[in-house]
Amino acid sequence: MKKQALFLTVSALSLWPVTSTSIEVKAVSDDLFVDVDINQARLGQLLFWDPILSGNKNISCGTCHHPKLGTADGVSLSIGEGGVGLGADRGVDENNLPEQRIPRNAPALFNLGAKEFTVMFHDGRLEADETKKSGLRTPLDDDMTVGFSGVLSAQSMFPVLSPDEMAGHYSENDVAKAVRRGLITGDGGAWDIISKRVAAIDEYQAMFDAIDPEIAEGRPIDFTDISDALAAFIAFEWRSDDSLFDNYLRGNTELDAKAQSGMDLFYGKASCADCHSGPFQTDHKFHAMGVPQIGPGKAERFESHSQDTGRMRVTGKPEDAYAFRTPSLRNVTLTAPYGHSGAYRDLRQFVEAHLEPSTAIENYDRSEALFAGYTPPKNDWAALDDANENTAIKSAVSWSGPILSADEIDDLLAFLKALEDEKSLTLRFGVPDTVPSGLPVDK
């Protein structure tokens with residue numbers, strides 16, 4: 001059989017035929033990824049797993065982005081500050097109860113070192129923007145610090161500033177107090193406090209000295225130095241381009257009949273590639289797909305609703321209501337639950353809902369949600385119990401897929417399985433036994 005072809009450039013994707021049978025084969029190559037300084041990545045590994053970056057020194061980046069859980073945390077919505085443990089086994093500290101669940105599903109970290117990833121987070125609130133002095137468009141706007149190496153570096157600023165994720169609540173610690181007072185950048189700001197914590201540890205100071213001549217000559221470690229190291233680690237550690245599909249494109253193997261049929265459906269009849277296009281199966285755009293809203297929603301502290309209007313919160317445009325960024329499908333079989341709210345623990349259920357998203361809410365089975373063991377003060381089902389909110393979510397949907405048989409959905413799932421690259425979880429730096437702060441590592 002003649003191999004299916006696949007252009008791996010965004011510009012070419014818009015020219016794809018309706019079916020995949022005439023598309024030229026091209027595999028993922030090194031030039032799609034940023035260059036990584038291996039010593040900077042080794043430093044970033046330690047920082048990624050070190051709770052020193054959190055306000056109460058009890059949560060690391062790895063707590064919610066663990067390789068055992070597909071670089072996420074295996075639950076619909078995370079428990080950050082006040083939680084103890086990992087994934088579905090994460091309980092709470094009875095002496096420091098969480099105020100709420102984190103409002104959106106923890107995204108996977110695969111291939112974020114690819115150059116085409118210029119938009120971060122479910123709502124795209126962080127984007128590359130050459131018109132800005134910092135080169136970035138963020139909620140900090142013109143107050144954004146200059147010096148981040150790119151969006152992957154800058155994304156780390158959000159969790160460390162979030163009271164429910166890593167900063168801690170209100171007056172619990174010096175970082176939380178700074179965030180509460182709106183002191184983010186500059187001397188005495190939250191980032192400055194974190195940077196000084198890191199610099200006070202001799203091993204970290206020595207490692208920064210070794211990779212940056214300016215720091216070696218006396219320039220203080222800045223938060224952008226920390227975040228750049230984290231970005232280098234993430235880019236190196238979770239590059240995923242050795243799946244069965246990748247090796248098929250390189251001519252090293254064949255897909256079995258079901259995966260081959262699933263690929264034909266994905267790039268043809270099922271229209272998955274309308275949004276899941278490109279080398280990493282994402283168009284990096286925003287689409288309203290009717291995903292049921294569960295959890296606390298994305299509300300300001302003074303607001304009482306449980307809505308999450310997605311992209312509209314960033315742009316203010318009504319046409320962006322309930323739209324969320326198209327996720328990459330690399331290792332999708334390893335990264336459940338699915339959707340911006342993590343509403344689906346089962347990939348088949350999520351695929352079926354996506355085929356007719358306007359009916360997803362009516363057909364939603366609440367047992368699909370997977371929460372860690374904690375009953376929050378805010379009702380997880382408040383939005384789903386709101387008929388007006390459900391109507392608004394459904395009304396925002398403009399896409400409708402084809403009717404597929406159960407066998408065709410099986411084939412689609414077989415193709416998605418072919419995007420799985422378990423080596424990207426096991427063959428690089430891994431989880432360190434210890435970190436320079438001496439704080440516990442989430443193993």
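Each chain carries its own residue numbering, running from 1 in the direction its sequence is written. The predicted nature of this model means local features are confined to residues of pLDDT at least 70 and side-chain atom pairs, given and counted, to a pLDDT of 80 or more, with totals for whole chains, interfaces and linings taken over all residues. Side-chain measures here rest on the full set of heavy atoms in the structure, leaving out hydrogens and waters.

Engineer: When you look at the overall build of the protein in this model, what are you seeing that I'm missing?
Structural biologist: The helix and strand inventory of the protein stands at 17 helices and seven strands. Oriented by its inertia axes, the alpha-carbon framework of the protein measures out at about 60 × 50 × 40 Å. What makes two residues a contact is simply this: any of their non-hydrogen atoms within 4.5 Å. Across the protein, the fraction of contacts at a sequence separation of at least 24, relative to all contacts at a separation of at least 6, is 67%. Surface exposure of the protein reaches about 18,900 Å², of which carbon and sulfur atoms provide 50%. Considering the protein, the positive charge centre built from 41 side chains and the negative charge centre built from 68 side chains are found 1 Å apart. Under the DSSP-based scheme used, a helix requires at least four consecutive residues in state H or I and a strand at least two consecutive residues in state E, with every element numbered from the N terminus. Values of accessible area rely on a 1.4 Å probe in the Shrake-Rupley scheme; residue burial ignores everything except the protein chains shown. The charge count includes Lys and Arg as positive and Asp and Glu as negative, but it does not include His or the ends of the chains. Note on charges: their place is set at NZ of Lys, CZ of Arg, CG of Asp or CD of Glu.

Engineer: Hey, could you run me through the pattern of salt bridges in this one?
Structural biologist: In a structure, side chains of opposite charge can pair up when their charged atoms sit close to one another. When a carboxyl oxygen of Asp or Glu is within 4 Å of a side-chain nitrogen of Lys or Arg, the pair counts as a salt bridge. Applying the stated rule across the entire model yields 25 salt bridges. A salt bridge links Asp-123 to Arg-104; the shortest N-O distance between them is 2.8 Å. Here Asp-123 is found in the loop between β3 (119–120) and β4 (126–128), whereas its partner Arg-104 is found in the loop between β2 (91–92) and β3, with 19 residues between them in sequence. Residue Arg-104 is classed as buried on the basis of its relative accessible area of 7%. Arg-219 is the salt-bridge partner of Asp-225, the closest N and O atoms lying 3.0 Å from each other. The cut-offs for exposure are 20% and 50% of the maximum accessible area for each residue type, with area from a 1.4 Å probe on protein chains only; residues under the lower value are buried, those over the upper are exposed, and the others partly exposed.

Engineer: What's the story with the packing of aromatic side chains in this structure? I'm lost.
Structural biologist: Two measures describe an aromatic ring pair: the distance that separates the ring centres and the angle between the ring planes. Only Phe, Tyr and Trp rings take part, Trp by its six-membered ring, and two of them pair if their centres are within 6.5 Å. Stacked means planes under 30 degrees apart, edge-to-face means over 60, and tilted covers everything else. Counting across every chain of the model gives 20 aromatic pairs. Relative to Tyr-364, the ring of Tyr-344 lies with its centre 5.3 Å away and its plane at 75°, an arrangement referred to as edge-to-face. Remark: Tyr-364 occurs in the loop between α15 (347–355) and α16 (387–395) and Tyr-344 occurs in the loop between β7 (323–325) and α15; sequence separation between them is 20 residues. The same class applies to Tyr-344 as to Tyr-364, namely buried. Linked through ring pairs, Phe-48, Trp-49, Phe-233, Phe-236, Trp-238 and Phe-429 together constitute an aromatic cluster. Remark: a charge is flagged as sitting over a ring if the NZ atom of Lys or the CZ atom of Arg is within 6 Å of the ring centre and within 35 degrees of the ring normal. Above the ring of Phe-158, the side-chain terminus of Arg-125 is found at 4.6 Å from the ring centroid. The ring of Phe-286 has Arg-311 sitting right over it, with the charged end atom 4.1 Å from the ring centre.

Engineer: Help me understand the sheet that holds β3 in this model?
Structural biologist: Note: strands within a sheet are paired through backbone hydrogen bonds, in either parallel or antiparallel orientation. The pairing criterion for strands is at least two bridges between them, as found by DSSP. One open sheet accounts for three strands, arranged β3-β4-β5; its pairing is antiparallel. The open sheet has two edge strands, β3 and β5 (136–137), and neither has a second partner. Pairing of β3 with β4, which is carried by two bridges, proceeds in the antiparallel orientation. What sits directly across from Met-120, in β4, is Leu-126.

Engineer: Would you mind showing me how to read the side chain of Asn-247 here?
Structural biologist: By secondary structure assignment, the location of Asn-247 is in helix α12 (residues 244–249). By relative accessible area, which is 18% here, Asn-247 ends up buried. Residue contacts for Asn-247: discarding those within four places in its chain leaves Asp-242, Asn-252 and Thr-253.

Engineer: What is the right way to look at α15 in this model?
Structural biologist: Spacing of three or four residues puts side chains on the same side of an α-helix, whose turn is 3.6 residues. Those residues of α15 not exposed but buried are Leu-347, Phe-350, Val-351, Ala-353 and Leu-355. Lining the buried residues of α15 we find α17 (406–417). N or O atoms within 3.5 Å of each other form a polar contact, as long as, within protein, one can give a hydrogen and the other can take it, and as long as residues adjacent in sequence are counted only when both atoms are side-chain atoms. Between the side-chain oxygen of the N-cap and the backbone nitrogen of Arg-348 there are 3.1 Å, and the N-cap of α15 in question is Asp-346.

Engineer: Hey, could you run me through the nonpolar core in this one?
Structural biologist: Soluble globular proteins: nonpolar side chains tend toward being buried together. Within this scheme, the nonpolar core is defined by two criteria: the residues are buried Ala, Val, Leu, Ile, Met, Phe, Trp, Tyr or Cys, and they are joined through side-chain atoms within 4.5 Å. Grouped together as the largest cluster of nonpolar side chains are 60 residues, with contacts concentrated most on Leu-47, Phe-48, Leu-53, Trp-191 and Ile-226. Where this core is concerned, the elements lending two or more residues are α2 (38–49), α4 (151–154), α5 (157–161), α6 (163–167), α7 (174–180), α8 (190–199), α9 (202–211) and α11 (223–237). Top contributing element to this core by residue count: α11, with nine residues. When neighbours within four sequence positions are excluded, Trp-191 is seen to be in contact with Leu-140, Met-144, Thr-145, Phe-148, Met-157, Val-160, Leu-161, Ile-184, Thr-185 and Phe-223. Counting 42 residues, the second largest nonpolar core, distinct from the first, contains Leu-77, Cys-272, Phe-350 and Ala-369.

Engineer: Got a minute to help me understand unusual backbone geometry in this structure?
Structural biologist: Keep in mind that most residues, glycine aside, have a negative phi and that most peptide bonds are trans. Looking along the chain, the bond that leaves Ala-336 and enters Pro-337 is cis, with omega of -5°. Its location among the elements puts Pro-337 in the loop between β7 and α15. Positive phi is not limited to glycine here, since Tyr-170 has a value of about 45°. With respect to the helices, strands and loops of the structure, Tyr-170 is situated in the loop between α6 and α7. Residue classification places Tyr-170 among the partly exposed positions, given a relative accessible area of 31%. In this model, Gln-281 sits at a positive phi of 55°, which is unusual for a non-glycine residue. In this fold, Gln-281 is placed in the loop between α13 (257–266) and β6 (286–288).

None of this, on its own, says anything about what the molecule does.
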